[in-house]
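Descriptive structure summary
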Amino acid sequence: MEYIIKTTFLLSNENKGIHLNTDIFEANLINLILLLILLFNVGKGFLSTNLENRQETILNKIQDAEKKLKDANQRLLEVEKQWEQARVVLDGLKNQTKRQLVTLYEARLGESKDKLFKEHLSNLFVIKYKQEKAKTEAKSFILKLALDQIYNEFIKLIKNEKFQGNYANLCIILLEKLIGEKKRA
């Protein structure tokens, strides 16, 4: 340590006295090491605080996303209940239509039979359409929630100048540290 201090800053010689070290390479190496140590000590607190804040923000976003997922699952359960109810109604309509068909078939074979059959088919198409519509709405709702969340997070990250600056500073510090380690080796 004493050797470094003597050779870096001042040359001590019994005959010559105290002089400045004019060897640029030795003085700059020590200055760079001191600068890296200073940057590491000063930047460590700053970066750790920013990273902790970012971690807290991400955790909050994850909790929000989980809540939205829970809401979407709840909506899905509601849609499934509606679908089940529609199926019960469909079964009731099928049974009712069948009973009406049998009754009218016995009463009127010709014209009534064709009319009821068309009505039955119409009811089946309407119910099938409503079932498909409920499925589609549920899928669209869940997909929209997920895409909105992803889009909003992506835009916030891109527009966050503080994050971009912090990221650039971290890259610079890491490069300086890497360069310093290569010079020492």
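Description of the overall build of the protein chain
When helices and strands are tallied, the protein chain shows 4 helices and 2 strands. When its helices and strands are written in sequence order, the protein chain yields α-β-β-α-α-α. The 185 residues of the protein chain split such that 12% are buried. Considering only contacts within the protein chain whose residues lie at least 6 apart along the sequence, 55% involve residues at least 24 apart.

Points about a nonpolar patch on the surface
Residues L32, L35, L38, L39 and V42 make up a contiguous nonpolar surface patch of about 430 Å² in total accessible area. Here V42 shows up in helix α2 (residues 24-107). By relative accessible area, which is 57% here, V42 ends up exposed.

Let's talk about the pattern of salt bridges
Overall, the coordinates contain 5 salt bridges when judged by the stated rule. Two residues, K135 and E132, come together in a salt bridge whose shortest N-O distance is 3.7 Å. One end of the pair is K135 and the other is E132, both in helix α3 (residues 111-159) and 3 residues apart, which spans about a single turn. A relative accessible area of 26% places K135 in the partly exposed class.

Some thoughts on the side chain of Q131
For Q131, the location among the structural elements is in helix α3. Note on Q131: relative accessible area 14%, which makes it buried. Beyond its immediate chain neighbours, meaning those up to four positions away, Q131 contacts W83, R87 and L90.

Here's the deal with the environment of K61
Inspection of the secondary structure assignment puts K61 in helix α2. Overall, K61 belongs to the partly exposed group, its relative accessible area being 23%. With 88 residues separating them along the chain, K61 and Q149 place their C-alpha atoms 9.2 Å apart. Residues contacting K61, with those up to four places away along its chain left out, are Q149, E153 and K156.

Describing the confidence of the model for the protein chain
When pLDDT is averaged along the protein chain, the result is 79; 79% of the residues meet or exceed 70. Throughout residues 4-14 the model reports pLDDT below 50, and contacts reaching past four residues in sequence, or to other chains, amount to 24 contacts.

A closer look at the side chain of T97
You can see T97 is positioned in helix α2. The exposure class assigned to T97 is buried, which follows from its relative accessible area of 5%. Polar contacts involving the side chain of T97 include one to the main-chain carbonyl oxygen of L93, which spans 2.6 Å. Discounting residues that sit within four places of it in the chain, T97 has contacts with H120 and N123.

Basis of the calculations
Residues numbered from 1 in each chain as written. Predicted model: local features only at pLDDT ≥ 70, side-chain atom pairs only at ≥ 80, totals over all residues. Heavy atoms only, no water. Helix = DSSP H or I, 4+ residues; strand = E, 2+ residues; numbered from the N terminus. Buried < 20%, exposed > 50% of the residue type's maximum accessible area, 1.4 Å probe, protein only. Contact = heavy atoms within 4.5 Å. Patch = residues over 30% accessible without salt bridge, like charges linked within 9 Å, V, L, I, M, F, W, Y side chains within 5 Å. Areas by Shrake-Rupley, 256 points an atom, 1.4 Å probe, with all protein chains shown as cover. Salt bridge = Lys/Arg side-chain N within 4 Å of Asp/Glu carboxyl O. pLDDT = per-residue confidence, 0-100. Polar contact = N/O pair within 3.5 Å; in protein donor to acceptor, adjacent residues only side chain to side chain.

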